[in-house]
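Chain residues, written in single-letter form:
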Amino acid sequence: MASSPLQKTAQLTASGFTRLEFIDFTRGIIMAIMAWDHVSGFWNQYHHGGEGILGRAPPFVDTTWFLLRFVSHYCAPIFIFLAGTVLALSVKRRLDKGETQMSTTLHLVKRGLALLLLEAALVSPAFSNPWTYFGVIACIGVCLIIFSVARRLPTKVILAASLLIVLNHSFLDLSFITTITNWGWYLRVILHEPNFDRWPYVGLYPIIPWVGVMGLGWSLGNYLQGLTQEKIAGLKRPLALTGVASLLVFVLVRWLNGYGNLVPRMGNTLVDWLYVSKYPPDLAFLLWTLGGMCLMLALGIHIQDRDWFHGGLTGVILAFGRNPLFFYLVHLWLYRAQFPDFVPRAYSPPFYLELPETLLFWAAGLVVLWRLCLWYEKLKRQYPKPILQYI
């Protein structure tokens, strides 16, 4: 049977090393969901975020709009967790090829700085934010710089430190850093107190909680190194059980309504139970989202050996997952569909779309992004060494 174009793309992309395609599958799912969140944020009147900023819980107009936003909560934690997983695998691959520790460290530092530049130059303007906005790409960039050094620590130490951060960051008190000065305010925003209260010193993805999530991903990546396909297949059940257990603990944490809830449960409606803090991510938020990630990874392992895996819808998802940063940068401007503002401002579209129109725009945009991802993979194969390696 002849290979489909998608199968050929996957084989060529994997040249030289074996891709763990269940990771691409999971990452591709959340990239598509992320696209929904942003197209809705750009064009829907009733879409908003801000869950948990300084303890706030902005209300939604109804349950439908809440759920349309809630589904996107999977994106950032899985994006950052799997960035750590892939980082561990790529560092091992570089060292196995004979690169020195120093050159690997410098590569990670340069990649981190490149992400900070991309955040300021391309991501912030897409949201009409100032170049000082500290978003998810900037956060990952700083985490890469941190891991350029921290990667030399034993995996058990990184795992323990990451768990300590994830379980206890809500107790962190930064009051010793003054907020009278702009630098003090901005430092607290970057470290652990996301908000938009003092323009232009704004941000949503502080380093301290998210570096813990990336550390958990790094630990998984180190565990996966050297596993045979049979052993990877054997991870399906443990991942599924971990996902289910995480969701059950989420229910317990929300029921107890104390530790792990930066946004307390105010009642017993569906919205009350699911309204958790994303900025910064509380334990309830991470239990739900990373638990869901484990189930997605288990599903990816379950289906990755099927004959149809590289074609059809799953083939499209894999293309997104193989090119996450390219997808992220392009989808913002595709769905914004407007020229950048000359002066940063609170974003508002020239008109609003209804929900069906937005869904159609989202679906059409995914088709365009799929074709662009395939084109970009071809371009990277033709020019493997230049600046494209950082995107």
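One can find the structure itself at the top, above this paragraph.
Small disclaimer: the values here were computed from a predicted structure and weren't measured.

Colleague: Can you break down the overall build of the protein chain residue by residue, with the values?
Modeller: Broken down by element type, the protein chain carries 16 helices and zero strands. In terms of overall dimensions, the protein chain is globule-like: its C-alpha atoms have a radius of gyration of 20 Å, near the 21 Å expected for 391 residues. With the principal axes as the frame, the protein chain shows a C-alpha extent of 60 × 50 × 40 Å. Counting every position in the protein chain, which comprises 391 residues, the buried fraction comes to 51%. Contacts spanning at least 24 positions in sequence make up 73% of the contacts within the protein chain whose residues lie at least 6 apart. Summing over all exposed atoms, the protein chain offers an accessible surface of approximately 18100 Å²; the carbon and sulfur share of this is 68%.

Colleague: Tell me about the packing of aromatic side chains, and name the residues and values.
Modeller: The geometry of two aromatic rings is summed up by the distance between their centres and the angle between their planes. Applying the stated criterion across every chain yields a total of 24 aromatic pairs. Seen from their ring centres, F60 and F66 are 5.4 Å apart, and the 85 degrees between their planes marks the pair as edge-to-face. F66 gets classed as buried once you look at its relative accessible area, which sits at 2%. Geometrically, the ring pair formed by F79 and Y328 is stacked, given 6.0 Å between the ring centres and 15 degrees between the ring planes. Linking F79 in helix α4 (residues 75-96) with Y328 in helix α15 (residues 324-336), this pair joins segments that are 249 residues apart in sequence.

Colleague: Please give an account of the pattern of salt bridges that cites residues and values.
Modeller: According to the stated counting rule, one finds ten salt bridges in the structure shown. Its salt-bridge partner being R27, residue D24 comes within 3.4 Å of it at the nearest N-O pair. With a gap of three residues between them, D24 and R27 both fall in helix α2 (residues 21-43), about one helical turn apart. Comparing D24 with R27, the two get one shared label, buried.

Colleague: Report on the side chain of T132, specifying residues and quantitative values.
Modeller: Position of T132 among the secondary structure elements: in the loop between α5 (101-126) and α6 (136-150). The exposure class assigned to T132 is buried, which follows from its relative accessible area of 10%. If we ignore the near neighbours within four places in the chain, the residues touching T132 are Y186, P200, Y201 and V202.

Colleague: Now, about the nonpolar core: what can you tell me, with residues and values included?
Modeller: Judged by nonpolar contacts, the single largest core of 108 residues is most densely connected at Y205, W210, F320 and Y328. For this core, the element with the most residues is α2, which contributes 14 residues. If near-sequence neighbours (up to four positions away) are discounted, W210 is found in contact with A76, P77, I80, C139, C143, Y205, K278, P281, F285 and L286.

Colleague: Give a detailed account of the packing of α4 against helix α13 (residues 283-303), specifying residues and quantitative values.
Modeller: Packing of α4 against α13 leaves a shortest axis separation of 9 Å and a crossing angle of 65 degrees. By crossing handedness, the relation of α4 to α13 is classed as right-handed. Facing P77, I78, F81 and L82 of α4, the residues of α13 in contact are F285, L286, T289, L290, M293 and M296.

Colleague: Mind laying out helix α16 (residues 355-382), listing which residues take part and the relevant values?
Modeller: The periodicity of an α-helix, 3.6 residues per turn, causes residues three or four places apart in sequence to face the same way. The end-to-end C-alpha distance of α16 is 40 Å, a good match for the 40 Å that 28 residues give at a rise of 1.5 Å each. Looking only at α16, the buried set comprises T358, G365, L366, L369, C373, L374, Y376 and E377.

Colleague: Tell me about the state of the cysteines, residues and numbers included.
Modeller: Going through the model one piece at a time under the given rule, you end up with zero disulfides. With no disulfide partner, C139 has as its closest neighbouring cysteine sulfur the one in C143, 4.3 Å distant. Cysteine C294 is unpaired, with the sulfur of C75 as its nearest cysteine sulfur at 16 Å.

Colleague: Give me the lowdown on the environment of L54, citing residues and values where you can.
Modeller: Structurally, L54 is set in the loop between α2 and α3 (63-70). When its relative accessible area of 43% is taken as the criterion, L54 is described as partly exposed. Residues L54 and P194 lie 140 residues apart in sequence; the distance between their C-alpha atoms is 7.3 Å. The contacts of L54, once residues within four sequence positions are left out, are P194, N195, D197 and Y279.

Colleague: I'd like a description of the packing of α2 against α16, backed by residues and values.
Modeller: Packing of α2 against α16 brings their axes to within 10 Å, and their N-to-C directions diverge by 135 degrees. With respect to α16, the axis of α2 lies oblique. Crossing angle aside, the handedness with which α2 passes α16 is right-handed. Every residue of α16 that contacts α2 at A32, A35, W36, V39, S40 and W43 is listed here: L355, T358, L359, F361, W362 and L366. Within the contact of α2 with α16, the residues separate by chemical class into ten nonpolar, two polar and no charged.

Colleague: Explain helix α7 (residues 155-168) to me, using residue names and the numbers behind them.
Modeller: Along its 14 residues, α7 runs 20 Å from first to last C-alpha, staying within 8% of the 20 Å computed at 1.5 Å per residue. All of the buried residues in α7 are I158, S162 and V166. What you see down the axis of α7 is that its buried residues fit within an arc of 60 degrees, all on one side. For α7, the exposed residues lying more than 90 degrees away from the buried face are K156 and L164. Next to the buried residues of α7 lie α6, α9 (207-224) and α13.

Colleague: Quick one: what's the story with the layout of surface pockets, residue by residue and with numbers?
Modeller: Space inside the second largest pocket adds up to approximately 930 Å³. Within the residue set of the lining of the second largest pocket, elements represented by two or more residues are α2 and α4. No other element matches α2, which puts five residues into the lining of the second largest pocket. Of the residues belonging to the lining of the second largest pocket, the class tally is 20 nonpolar, twelve polar and four charged.

Definitions and limits used
Residues numbered from 1 in each chain as written. Predicted model: local features only at pLDDT ≥ 70, side-chain atom pairs only at ≥ 80, totals over all residues. Heavy atoms only, no water. Helix = DSSP H or I, 4+ residues; strand = E, 2+ residues; numbered from the N terminus. Rg over C-alpha atoms; globule rule 2.2 N^0.38 Å. Buried < 20%, exposed > 50% of the residue type's maximum accessible area, 1.4 Å probe, protein only. Contact = heavy atoms within 4.5 Å. Areas by Shrake-Rupley, 256 points an atom, 1.4 Å probe, with all protein chains shown as cover. Phe/Tyr/Trp six-rings, centres within 6.5 Å; stacked < 30°, edge-to-face > 60°. Salt bridge = Lys/Arg side-chain N within 4 Å of Asp/Glu carboxyl O. Core = buried A, V, L, I, M, F, W, Y, C linked by side-chain atoms within 4.5 Å. Axes fitted to C-alpha atoms, helices over the stretch in contact; angles between N-to-C directions. Left-handed = near helix turned anticlockwise from the far one by under 90°. Expected span 1.5 Å × (residues − 1). Disulfide = S-S within 2.5 Å. Parallel < 35°, antiparallel > 145°, perpendicular 65-115°, else oblique. Nonpolar A, V, L, I, M, F, W, Y, C, P; charged D, E, K, R; others polar. Arc of directions from axis to C-beta. 1 Å grid on protein atoms, 1.4 Å probe; cavity = no way out; pocket = protein on both sides within 12 Å on 5 of 7 lines; lining within 4 Å. Points joined across faces, edges and corners; volume = space filled by probe spheres on them.

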